[in-house]
Amino acid sequence: MTVSSAEAQSSAASSSSPAASSATGSGGMGSAAKSSISASGKTVSASDKRMMMELAQANIAEIETAKLAEKQTKNPDVLAFAKKMIEDHTQASNELTQLAQTKGVDLPQKPDSKHEALARKMAKLSDQQFDKQYMANAGVSDHRATISLLKRIQTKASDQDLKALAGKLLPTVEEHLTMAQPKK
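Residue numbers run consecutively from 1 along every chain, following the written order of its sequence. The predicted nature of this model means local features are confined to residues of pLDDT at least 70 and side-chain atom pairs, given and counted, to a pLDDT of 80 or more, with totals for whole chains, interfaces and linings taken over all residues. As a rule here, side-chain values cover all heavy atoms of the structure and leave hydrogens and water aside.

**Here we look at the overall build of the protein**
Step number 1: Looking only at helices and strands, the protein has six helices and two strands in total.
Step number 2: Under the DSSP-based scheme used, a helix requires at least four consecutive residues in state H or I and a strand at least two consecutive residues in state E, with every element numbered from the N terminus. Seen in sequence order, the protein has helices and strands lined up from the N terminus as α-β-β-α-α-α-α-α.
Step number 3: Per-residue accessibility, obtained with a 1.4 Å probe over protein chains only, is compared with the maximum for each type, and a residue is labelled buried under 20%, exposed over 50%, and partly exposed between these values. Buried residues in the protein amount to 41% of all 184 residues.
Step number 4: Whether two residues are in contact is decided by their heavy atoms, any of which lying within 4.5 Å being enough. When contacts within the protein are restricted to residue pairs at least 6 apart in sequence, long-range pairs at least 24 apart make up 68% of them.
Step number 5: Only carbon and sulfur atoms are counted for the fraction: they give 53% of the accessible area of the protein, which is about 10400 Å². We get accessible surface area from the Shrake-Rupley algorithm with a probe of 1.4 Å; when it comes to residues, only the shown protein chains can shield them.

**Comments concerning the packing of helix α4 (residues 113-123) against helix α5 (residues 127-156)**
Step number 1: The angle between two axes is taken between their N-to-C directions and runs from 0 to 180 degrees, where each axis is a line fitted to C-alpha atoms and a helix contributes only its stretch in contact. In the contact formed by α4 and α5, the axes pass within 10 Å of each other and the chain directions differ by 160°. Relative to α5, α4 is oriented roughly antiparallel. Within the contact between the two elements, α4 uses His-115, Leu-118 and Met-122 and α5 uses Phe-130, Gln-133, Tyr-134, Asn-137 and Asp-142.
Step number 2: The classification used treats Ala, Val, Leu, Ile, Met, Phe, Trp, Tyr, Cys and Pro as nonpolar, Asp, Glu, Lys and Arg as charged, and all other residues, Gly among them, as polar. Residues that form the contact of α4 with α5 fall into these classes: four nonpolar, three polar and one charged. Here the angle decides the label: under 35 degrees means roughly parallel, over 145 means roughly antiparallel, 65 to 115 means roughly perpendicular, and every other value means oblique.

**Remarks on the packing of aromatic side chains**
Note on aromatic pairs: each is described by the distance of the centres and the angle between the planes.
Step number 1: Aromatic pairing here means that ring centres of Phe, Tyr or Trp (its six-membered ring) are within 6.5 Å. Orientation follows from the plane angle: under 30 degrees is stacked, over 60 is edge-to-face, and everything else is tilted. Counted under the stated rule, the structure contains two aromatic pairs.
Step number 2: Taking the centre distance of 5.9 Å and the plane angle of 70° together, the rings of Phe-81 and Tyr-134 count as edge-to-face. Linking Phe-81 in helix α3 (residues 76-103) with Tyr-134 in helix α5, this pair joins segments that are 53 residues apart in sequence.
Step number 3: Measuring from ring centre to ring centre gives 5.9 Å for Phe-130 and Tyr-134, while their planes differ by 5°; the resulting arrangement is stacked. Residue Phe-130 and its partner Tyr-134 are located together in helix α5, separated by four residues, close to a single helical turn.
Step number 4: A connected cluster of aromatic rings, assembled from ring pairs, spans Phe-81, Phe-130 and Tyr-134.

**Considering the pattern of salt bridges**
Step number 1: The working definition used for a salt bridge is a side-chain nitrogen of Lys or Arg within 4 Å of a carboxyl oxygen of Asp or Glu. Applying the stated criterion across every chain, the model contains nine salt bridges.
Step number 2: In this structure, the salt-bridge partner of Asp-161 is Lys-103, at a minimum N-O distance of 2.8 Å. In this pair, Asp-161 is assigned in helix α6 (residues 160-180) and Lys-103 in helix α3, connecting sequence segments 58 residues apart.
Step number 3: Here Glu-116 makes a salt bridge to Lys-110, at a shortest N to O gap of 4.0 Å.
Step number 4: What you see here is one network of salt bridges that share partners, running through Lys-103, Asp-159 and Asp-161.

**Comments concerning the nonpolar core**
Step number 1: Core analysis: the largest hydrophobic core is formed by 39 residues, its most contacted members being Met-52, Leu-55, Leu-96, Leu-107, Tyr-134, Leu-150 and Ile-153.
Step number 2: Among the elements of the structure, α2 (46-72), α3, α4, α5 and α6 are those that each provide at least two residues to this core.
Step number 3: Residues within four places of Met-52 in sequence aside, it is in contact with Val-44, Leu-96, Leu-99, Ala-100, Val-105, Leu-107 and Leu-162. Nonpolar cores are built from buried Ala, Val, Leu, Ile, Met, Phe, Trp, Tyr and Cys residues. Side-chain atoms within 4.5 Å join them into one set.

**Overview of the environment of Thr-178**
Step number 1: Structurally, Thr-178 is set in helix α6.
Step number 2: Residue classification places Thr-178 among the exposed residues on the basis of a relative accessible area of 52%.
Step number 3: Measuring from C-alpha to C-alpha, the distance between Thr-178 and Val-140 comes to 8.3 Å, with 38 residues separating the pair along the chain.

Right, dumping it as structure tokens:
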């Protein structure tokens, strides 16, 4: 097995500092798609890694569509919601990134193609149409999907730290959904 200079440096850094970021790789245990190995030698299952990636995408999508809302909306309620989404999902993203680093998982850094296409479409809408679509998609639909993902993580993940993070984030995401739903 060959070790790249980056992996060697990361390995050297992790042995000298427990806070150093971990290296990913197969480590003779199969492909990186099957598992990720952190500097501590802990393996993250492929399923847990996928759920971490999905959660990262959810945070990225919320942040990016909220930034678009800040530019597009003239509605103070929609603007306040967007600002809260940026704040809360940035915090959640930072916590997930920190966890992923300790587990040797590289997370995506940009929106997936589905959310990029939706953002392009939404950017062309008029003010009221934009607000309606933003609250329906990013506000309601995406938060329902994220709640489902967090509940799945809590029941299906094998990594206890990932389960704990899901439990911590769930009440905030449920609050977001409540805020986004049309008032009766």
